[in-house]
Every structure is written in C-alpha cells, then in structure tokens.
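One letter stands for each residue in the lines below.
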Amino acid sequence: MTTAPAPPRLAAGDMAGRLTLPFARGADHLPLVIAGQTVQPYSFAAHQGQFGVKPEPLYVLQARKQVPPGTTATFRTTNGPEVVVPLPDGLLPGTSAALPAVPGMLETITSALPGRQEEWWQLTALLGTMAKLFWAIGWERDHLRHQLARTVTQRALDESRGSSLDLHGAGLAVVRGPGESDDAYRRRVSLARRWTLPTPAATPGHTVAGLAAALNAAVGPIGGFDDPLVLDDVNGELLRGLLTLRVVPAQVVPGHSIDAAGRTGVGLTTPGEEGYFDPLFLVALDPAVVDIAHAPGFFVPAGEARPDPKLVQPTVAAAIGHLADLLTERARVTSGFDPGAEDARATGRAVLLTHPTVEPARLAALAHRAGFDLVTHRTDGQVYAECAPGELLTMHSPKCSVPVGQPLTLTVSPALPEGSQLHWYVVHCGPGRGRVTPTAGGTPATFTGQQAGRVVVIAELRHGPHTVTASRELVVYPETLPEDKSIGADGTLNPPPPRPGKPLDPVFLTHHDDPAHVDYGTDPNHHRMRREAAVRLDALIALIKDEPGRLVVHQAYEPTGTGLVGEGRALRLGHTALATGQLAARAHRAGFSRVGAEGGQVSALQEQELPLTVTAPDLSGGVLEVGTSVGLTVAPAQADVGELGVLVWSTGDGAASVQSTGPTEVSVHGERPGRAWVQASYRLGRSPAAHQVEVRLRPELAHHALEPEKRELIMNLLSALHPLGVEVVTRKLTGGSP
C-alpha cells in the first residue's frame, strides 16, 4: 500500500499551538482522515463536550504535493448536494484552499488525480473563529514557505519556469519565442542540452535505424569498414559569464507614460492598491535637494483644503533624492500632496515636476531612471511622477550590519502621532538572531545582534484602528571565530563544504595580484584562483587594508590537487597582525561561502559561480540608454583562450542587442526600455554547438583521404537526409572544403 507523504505544516496550526488555554476554543481544529475516496467518519463531540459550543466548521483542503492546473475536487456530504471546488492553478505542496459552506458532514472526495486521494490531500476542519482567522492570516506564510522551496529547485531544468527557465536556455543560446509556453520551451532547451538525431525508418534488411545507419548503408565501405561514418551531436562544454543591465529611454514623448518595467504608452498604472493613509505620515522634501513652488496661476477655491507641494510619502522623497543625483541643477516640484487631486497626489504618492533647463521629455526619462514607478510627460509641459504604494513609515539606522553583542540605534520617521503606540519585532530569516529594546516612547530603539545571519526588524505603529509598518534588513556578523569552527555565508555554524565541480583549464583562472596588501609567497599558483574566489578576496582586502600588517596567501590553486583546491575555490589565508579568529570573521563578512579557523590559518571556500567576467567599462550604474552603444569585454579574452574555446556573444529579453564592430570588438546597443542581459560563452574544443551535428570518419580512418566522388556522395546524402533546423558540420571530412 502506498504511504501518503507526511502531512504538510499549516501556519494556522503553528499559530494555534502558541495560544494559552482561554483562547483554545477559538483556535480548535480537527484533522480529518482520507482513505481512498472516503472521508472517514468524524464528529465534533469532543469540541462540544470540552467547550459547550456547536462549531460551524470551515473545511480547508491542503495539497501534499504540487497539483496540476485545472484540478477540481468534488465532495459528497450527508445532508446536501455535491460540493465542487475549483482549485487555484499551480497549488504548491503545503498551500491550501477553503471549501464553501458545507451542509452536514463530508463523506467522500474525488478528483481526476491518479492514485489514492490521501496521497494528494490533507483535509482539516477549522472549528473556531480564531482558527479561521489564523488560516486567513497564515495562508501567505504557507505559500511563501513552499514558494521558497520551489525557488531553490529552479536550478533544475525540470523544475524551473518563467525567467529562471529563460536563464537555462541562455546558456545554450536558445531564446524563448513570443508566446512560447514553459513546457514547450523546456522541451527545446532539453533538446539543446543533449540533442538526439531523429530516426528515419530502417532500411529493409537492416536492424539499426537512424541517420548514421542510413548514411553508412548508402555510402558503403570505406577503407575496409562497413560503417565508416561517425555522427557526433554531443554539445561542447560551455563556460559562461553574464552581465545584467537596465535599458532606459532618452526621452518620453508628450502624452505618453512609462512604468517601472519599461512599458510605454497611455493608460498605464502602478501595481498595488492604495491602503490606509493619513497626512500625519507625510514627510517634507528637502529644499536643498529640490525647489518647491506652486505652478504659475495656482488657485485654491474657498473652503477646500490647501495643497502643500513639499509634503510627500517617504518613497517619493527617496525617488526625488535619486533624481537630484542625475541633474546638475535642481528640479522644481510644483505639486505634491493635494487632497483634491484625482491622481496619486491625493495621498502624497506623486509629484508634478519641471526644470529650468532640462526639457520635459528628458526630465520624464530621468525620473523613470531615478526609480519612479510611473512617469507621464503631460501635454502641459509638466512631468507627473508617481511611486507605487509603499511603507508610510521609514526606519533609519547608522548602518545595516552590526557585530554580535553590539548595539545599533534604530529610529523611525516621521514623528509618531499623538496617542499612537510603536511596537518592534524581529523576523528571523535563517540562523541570524537579534533582539530589539525600545525606549519608553517606542523610539529610538536599540537592536542587539545575538547570532550571525540576516534578520528583518519591523516597527509596527498602531494609530487608532490602523496599523502601519516600517522594515529594515540587518546583518549580524561575528568579530571573531573560535578555533576549529566554521561558518557559512548565511551565518550557519559548521556547514558542509561546497560541492566540488570540474576543474577549469588554468587560462580561465584569475591572476590575483595586489602586492601592496597581500604576500603571495614565491609560488605563482598562489596568485591563481577562480573568479568568484578572487571577488571575495578583494572584498576581504577592502575590509582589512587599514589594519596593521599584511594578508598572506598560503594556498590557492593547486594544479595537482583534488576537490576545491584543484579548482581554485579553496584559499588558505593568514595575517601578520590579525589573530586567526579575527581574520576568519572578516573573511565571513567578505562573502566566502564557508570560512573556518583551522590550525592557525583561515580556510576560505567558495561555491561555484559563472567562471567568466563580462563588463561594459563605459556603462554607468548598469544603465544603458535607448539608441546608445557601449563596448563589452570578457575575461579571459579570446586572445588568451586561443584554440581552447570559441567565444560567442548573445543577449535576451529584446531590450538590447549585441553588435560586432570589429574582429575583437563587441558592443551592446539599447533597443527599448526594460531589463536585459548579455552573455559571453566559450565553447570548449571543437565539439558541435547546439543544433549542430558533426560528420566525420571513424578514428581508424583519421588519415584516409576521401575520393572526390565519395565525398560528393556523402554531401548529397546529408543534404537530403539531415533534419530541418540542424546544421551539419563536415569540416573533418577529407577531400574538399566543408
């Protein structure tokens, strides 16, 4: 008999378990048992006997594993008709859906899913009002918990979808077609990973079907071999590097808008819904950053609330600050908070902008670049710039990281309204731990890190019946690491080391050289390491360069080593002044995947990342304007790689294109606003690329010269037999040009 998966955790149950006895009645719930298609008999007698109240149950159906789209569950009850429940598409393991009101008791459950129903479902009756409330509150927690697990699986082709699946295809230069579904695209990517030739019908008398057999049968013996031809469709290994960039417009034409994703047109809106708002939470723009004045001819009818152009929500103030960084002269805000406005200015989420020297079309483009979620070039010459709904409170701290045991002061703005209450919470995002100690008035508060890792601090302001929040992510880090202990990048103590991969040719390793801060010794291999290890080593140098003494590299790449040492992903470090534990703590802050203090030295190990470095030296902040081009570089360069690999450039998402301006000169050109990526790939050796098949003589005939007639016969056969969309490579066939 098949055993059903373990019942998934339900956030409502977790929260109910934390309640004290007086609240237990409201949080009571009853797990039901499914066997085949039968819901085994149950009753609420225990609830009634304990609490003296007849419950009004809400039934929750929870998925044990991912449910296919379009699934419907049907329930038969004792005192009513069948209840049909259409389930949300993409229901993940652990997530749930509520049944409508059900008369009587549930007797059966049926669906089109194969196997026994208990393998797919967990059924729970929520008996109290608080249990139902917990389910409504905890649904998002259930969804996010399992969405995180789903995100981790995106590295696997069979599990990836959406933009994650696009990155799998990018590695093989397979671009998704317009409107192509995940399933169809995944099939093409799988084909490109290990492309298999189609198999035409076998020739009568032959037992082996396929193109190779058909070719050999038609060509006949060569050099004494009846099967002289070999077809190779195994793709050459690819080494990749990726550069992500944002393409922005140079101008926005009058009457048009642009949103955060780069879409342009009319009638665009910002995502999210307007929530609770009170002018008490508006902040004043800094007159040193932007000029503030009403537009000429401004007039407020008698009896209406007077607008204040200097007041905005915190997200707008932040975007105005970014815009100021892009301008040489201050912009002017002619309208901010305006209770009578018919747009987002009514809640301070938008402003109207002008500039004394910058044309409105250009000003609108710069406002988009600065981070406004919706920008419109109005026909009256003003620029409307709007931010999506965000937090009304803003949390401030001198820095975003703090050592274990050290305090960090946290404040919020704007000033707290009279009669409000401020509460602080710490959300643990992994091994990180900390606590917040507020002052009597709620702010400022002191955060103290307790254990290394990330945490999110939340300030919750309760003002009358309303609640607003502010959040900030903080990183807790150790100042020293005990001997024989290790720590992961996320703060996990004594984590497993990164998994070994495939060693690269030394030409693809970085030559790290910083003699001003590092002593590498006399072994030249101490300069060699993977790109990702060199990046973290640079970060470590930046953290300790002002300390007395020098960093020492005792070990990096070992040509004859095994595991991470042979790949250049394991460093052994020391320092002439810093203690081993202190250096290990700094290496952890620098981002190494696993750092340990061992035998008076620091072991710094790094997870494998893309081995190539793609840069655009003239690109500022990763932003490229439409209509402009910047040069691209890749390290190592083709001149250094030589015959080891063939360099190929590609891009995706349509916002940018790659252009060749010379034998070794490549640039990226902005085509339309939006996110884009550029990839450089080396295909190692002379193996076939995706959608290629190579035809050559078997190894025993490597020096055989084909007669012209025989070679022409092979070429004609290939022309007739090779599959559409596949390039046949014949450069290794002797006797003529490919």
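In what follows, the structure referred to is the one given above.
Residues numbered from 1 in each chain as written. Predicted model: local features only at pLDDT ≥ 70, side-chain atom pairs only at ≥ 80, totals over all residues. Heavy atoms only, no water.

Chemist: Help me understand the packing of helix α8 (residues 314–326) against helix α9 (residues 360–370) in this model?
Modeler: Working note: a packed helix pair is described by the angle between its axes plus the distance between those axes. Two elements in contact, α8 and α9, have axes whose closest approach is 8 Å; the angle formed by their N-to-C orientations is 125 degrees. Our classification of the angle between α8 and α9 gives oblique. The handedness of the crossing between α8 and α9 comes out as right-handed. Counted together, A319, H322, L323 and L326 of α8 and L366, A367, R369 and A370 of α9 form the full contact between these two elements. Its residues assigned to classes, the contact of α8 with α9 shows six nonpolar, one polar and one charged. (Axes fitted to C-alpha atoms, helices over the stretch in contact; angles between N-to-C directions. Helix = DSSP H or I, 4+ residues; strand = E, 2+ residues; numbered from the N terminus. Parallel < 35°, antiparallel > 145°, perpendicular 65-115°, else oblique. Left-handed = near helix turned anticlockwise from the far one by under 90°. Contact = heavy atoms within 4.5 Å. Nonpolar A, V, L, I, M, F, W, Y, C, P; charged D, E, K, R; others polar.)

Chemist: Would you take a moment to explain helix α11 (residues 580–590) for this structure?
Modeler: Think of an α-helix as 3.6 residues a turn; residues three or four steps apart then line up on the same face. The element α11 is largely enclosed, with a buried count of eight among its 11 residues. Looking at α11, one finds that the buried residues are G581, L583, A584, A585, R586, A587, H588 and A590. Immediately beyond the C-terminal end of α11, within one or two residues, lies G591, with a positive phi of roughly 105 degrees. (Buried < 20%, exposed > 50% of the residue type's maximum accessible area, 1.4 Å probe, protein only.)

Chemist: Please clarify how the sheet that holds strand β26 (residues 445–451) should be interpreted in this entry.
Modeler: Strand pairing in a sheet relies on backbone hydrogen bonds, with the paired strands running either antiparallel or parallel. Ordered by their spatial adjacency, four strands build an open sheet running β21-β23-β26-β25, and the pairing between neighbours is antiparallel. Two strands in the sheet have a free side with no partner beyond their single neighbour: β21 (394–396) and β25 (433–438). This sheet shows a mean twist of 30 degrees between the axes of neighbouring strands, independent of strand direction. Taken together, the six bridges between β25 and β26 define a ladder with antiparallel strand orientation. Directly across from R435, in β26, lies its bridge partner T448. (Pairing = 2+ DSSP bridges.)

Chemist: Even after reading the chapter, I still don't get the packing of helix α10 (residues 531–544) against α11, so can you show me in this structure?
Modeler: Two elements in contact, α10 and α11, have axes whose closest approach is 8 Å; the angle formed by their N-to-C orientations is 125 degrees. Considered as vectors, α10 and α11 are oriented oblique to each other. Classified by chirality, the crossing of α11 by α10 is right-handed. Contacts between α10 and α11 involve R536, A539, L540, L543 and I544 from the former and L583, R586, A587, R589 and A590 from the latter.

Chemist: What am I meant to see in unusual backbone geometry here?
Modeler: A negative phi angle characterises most non-glycine residues, just as the trans form characterises most peptide bonds. Between S413 and P414 the backbone carries a cis peptide bond, its omega angle lying at 0 degrees. Here P414 is to be found in the loop between β23 (407–413) and β24 (421–428). Note that the residue after T443, namely P444, is joined by a cis bond; omega there is 0 degrees. If you trace the backbone, P444 turns up in the loop between β25 and β26. We note that D484 has phi near 65 degrees; this positive angle belongs to a residue other than glycine. Note on placement: D484 falls in the loop between β28 (466–477) and β29 (486–488).

Chemist: How do you make sense of the pattern of salt bridges when you look at a structure like this?
Modeler: In the structure shown here, the tally under the stated rule is 22 salt bridges. As a salt-bridge pair, R263 and D259 come within 2.9 Å of each other at their nearest N and O atoms. A salt bridge links R349 to E386, with the shortest nitrogen-to-oxygen separation between them at 3.2 Å. Remark: E386 occurs in strand β20 (residues 383–386) and R349 occurs in the loop between β17 (332–335) and β18 (350–354); sequence separation between them is 37 residues. You'll find R349 and E386 in the same group, each marked buried. A cluster of three or more residues bridged by salt bridges with shared partners is formed by D227, R698 and E700. (Salt bridge = Lys/Arg side-chain N within 4 Å of Asp/Glu carboxyl O.)

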